[in-house]
Amino acid sequence: MQSHDHSTANKAPDTKAKDTDTENHESHNHHGHMIAEFRQKFWISLVLTLPILVLAPMIQSMLGYELGFKGDRYVQFTFASILFFYGGWPFLKGAFEELKKKAPGMMTLIAMAISVAYIYSSVVVFGLEGKTFFWELASLIDIMLLGHWIEMKSVMGASNALQELVKLIPATANRIEESDTKEVPVADLKVGDLIRVKPGEKLPADGVIKEGESRVNESMITGESVPVSKKPGDQVIGGAINEQGALIVEVKHTGEDAYLSKVIGMVSTAQATKSKSQTLADKAASWLFYFALGAGILTLGTWLAIGKSFDFALERMVTVMIISCPHALGLAIPLVVAISTSASAKKGLLIRNRTAFENVRKIDTLLFDKTGTLTKGKFGVTRILPLSPKYKEEDIIRIAASIEQSSEHPIATAIVMKAKEMDLTLSESSDFENMAGKGVRALVDGQKIAVVSPGYLEENNLEAPPESFKDNFETVVFLLENNSILGVIALSDEIRPESKEAVARLKERGIKVMMATGDNSKVAESVSKALELDAFFAEVLPEGKQKIIQDLQSKGNFVAMTGDGVNDAPAIAQANVGIAIGSGTDVAAETADIILVNNNPLDIVDLIRFGTLTHKKMRQNLYWAVGYNVIAVPLAAGVLAPIGFMLSPAIGAILMSLSTVVVAVNAQLLKTKI
């Protein structure tokens, strides 16, 4: 029997949800302000750059013209000074913050490069022998501003794509009030309200269908392209389109507690969370700062030691420190994060933990829950067997349903549904008690009645009648009164058609696929054989699944756990990668790293592929960005001077720009593979 746990999904308090929504809104506004600031600074800096470029001797030489006049260096100095303090201010400010924390990184590197270029060139203008780097300074600032603008637009674009989901919710709803229907603002809807949704209308809130049948298009929300058939008792998501019949829906979630709001909150959090690869990029920038600083000092000392003039040695040092600015490194991870997070969300994969997402490539063992994951999770009562002459079939179902009516467990739902089909009137129950993994009990009609698993009978030395078990695919529960078996209820749960393909494809990747279930061993064995699993564990309590994972991990396995995020919470939290499967409002599994919106095990195959691709892109970008500096800095220092090659700051700046473009394009290519 499936672990008979009647707890429901954890709901975040309204205040927490509102705080999260406020934070997301403020973060969104902050990004918008920063984009506008960098855009403005870029265009103004570009205008300030034009006279500097026109007067630069190197540009004149390259384009074959001459333009010079007395004091032209001072004109360049004036424009460069404005550009340095205006366009370079974000980087100078950022460097100050990093150094204050004793953690030099990306901004420190940029600030170092532009400061060295400006200070050195200014000293040259006022007397030092050498050449100015004003046009290199200008190009560096312009490139950095453009790069940051592009980066923020990419992140903002992903965020905007999520914000667009909010627009799916209509402004008004048709609320049923007594015998009339009244159009009210969606914001006025409360949990428990009944709303009427006509064919072609969007659902204004999350809820459960009370009356009517239809096909609902949830493609913009779940990624599932085929409209889903819906009937009374089924959940619906706010924003989905009711394509056919009229529906009456009971509102279950509104505002910040609604599915779309949670999706936006989860993905925004994931975008803001640094993964190990992103932390590595920050560390690389820190190392590169010391590398560039050390290389610059070494360059100066080496050239002076071999007899070159101070002016020449200083110029080489300045060149090294200018081209060490690693803007490509700054773009390497954020672009991939923005793209992969938003693209995955559109495919129905909600990433709550970036590191776990990248780590899916390491999974070698996958443990599945059975009910609702490998199977459809929609039990139906197949047999009712009274064992007392006082009770008929309808009595057994009526009493069991009276206990189970407040539960959302699949077994409970099936028993209550059977009672409705039989048009039975249920009794009120009290003193309800949930026996995790064993069953439930309550007081019904003055009697203490329990609905229990075969494991409970065995634990209490009670013998199940031989006729209780008929089919290996059946799940059997027993109705007890004072340890006397009143009747048997048998249910069955159909294996998902996608499960066999998912298991086969996972095994092709070299992943061991196992199942842990609270169901009896006969049912578990039948499912295991049908799906060709590597192993199965039956009649396992929720905490038992956690122990199984601990045992697997102790043997060196990298384990992923896939379950409903409620009963399986301890196991999901214990796993190296915790995956919650659940559609609609069930996605709010607090312990999961990753949530699959659709109840489809094949999505796990896509998840592993997406996570592997994302990590690969991050690494590619990191290698490219760091590789540019590793090669360009020694060339700028003059390691190839003995064979007549010296890398100029101009060529270094061009290479840096190309490096940035390569990283950006490579990140965009991820869209074509997810």
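Here, the structure is the one placed above.
Keep in mind that what you see is a predicted model, and the values were worked out from it rather than measured.

**Student:** How do you make sense of the sheet that holds strand β2 (residues 180-185) when you look at a structure like this?
**Tutor:** Pairing is antiparallel across the open sheet formed by six strands, whose spatial order is β2-β1-β3-β9-β4-β7. Sheet topology places β2 and β7 (235-236) at the edges, where each strand pairs with a single neighbour. Note that strand β3 (residues 194-197) and strand β9 (residues 247-253) share four bridges and pair antiparallel. Residue Ile 195 lies in a different strand from β9, and its bridge partner there is Val 249.

**Student:** Before we go on, may I ask you to explain the sheet that holds strand β18 (residues 512-516) in this structure?
**Tutor:** Strand pairing in a sheet takes place through backbone hydrogen bonds and is either antiparallel or parallel in direction. Pairing is mixed in the open sheet, where seven strands are placed in the order β10-β22-β21-β20-β11-β18-β19. Because the sheet does not close on itself, it has two edges, and the strands there are β10 (349-351) and β19 (535-537). Each neighbouring strand pair of the sheet contributes to a mean axis angle of 20°, computed without reference to strand direction.

**Student:** Explain the packing of helix α14 (residues 393-404) against helix α15 (residues 410-421) to me, please; I cannot follow it from the model alone.
**Tutor:** Angle between the axes and distance between the axes: these two values describe a pair of packed helices. Put simply, α14 and α15 touch, their axes get as near as 8 Å, and they point 130° apart. If you check the angle between α14 and α15, you find them oblique. Crossing handedness for the pair α14 and α15: left-handed. Taken together, the residues of α15 that come into contact with α14 (itself represented by Ile 397, Ala 400, Ala 401 and Glu 404) are Ala 412, Ile 415, Val 416, Lys 418 and Ala 419. Split by residue class, the contact of α14 with α15 holds seven nonpolar, no polar and two charged.

**Student:** Please explain the packing of aromatic side chains as it appears in this structure.
**Tutor:** By convention here, two paired aromatic rings are described through the distance between centres and the angle between planes. For the coordinates displayed, the defined rule picks out ten aromatic pairs. Look at Phe 77 and Tyr 118: their rings are 6.3 Å apart centre to centre, the planes differ by 15°, and that puts the pair in the stacked class. Taken together, the residues Phe 77 in helix α3 (residues 72-87) and Tyr 118 in helix α5 (residues 106-125) connect sequence positions 41 residues apart. Each member of the pair, Phe 77 as well as Tyr 118, is classed as buried. Put simply, the rings of Tyr 74, Phe 77, Phe 84, Phe 85, Tyr 118 and Phe 126 touch in pairs and so form one group of aromatic residues. For the cation-ring pair, Lys 308 lies above Phe 312, with the distance from its terminal atom to the ring centre recorded as 5.1 Å.

What counts and how
- Residues numbered from 1 in each chain as written.
- Predicted model: local features only at pLDDT ≥ 70, side-chain atom pairs only at ≥ 80, totals over all residues.
- Heavy atoms only, no water.
- Pairing = 2+ DSSP bridges.
- Helix = DSSP H or I, 4+ residues; strand = E, 2+ residues; numbered from the N terminus.
- Axes fitted to C-alpha atoms, helices over the stretch in contact; angles between N-to-C directions.
- Parallel < 35°, antiparallel > 145°, perpendicular 65-115°, else oblique.
- Left-handed = near helix turned anticlockwise from the far one by under 90°.
- Contact = heavy atoms within 4.5 Å.
- Nonpolar A, V, L, I, M, F, W, Y, C, P; charged D, E, K, R; others polar.
- Phe/Tyr/Trp six-rings, centres within 6.5 Å; stacked < 30°, edge-to-face > 60°.
- Buried < 20%, exposed > 50% of the residue type's maximum accessible area, 1.4 Å probe, protein only.
- Lys NZ or Arg CZ within 6 Å of the ring centre and 35° of its normal.

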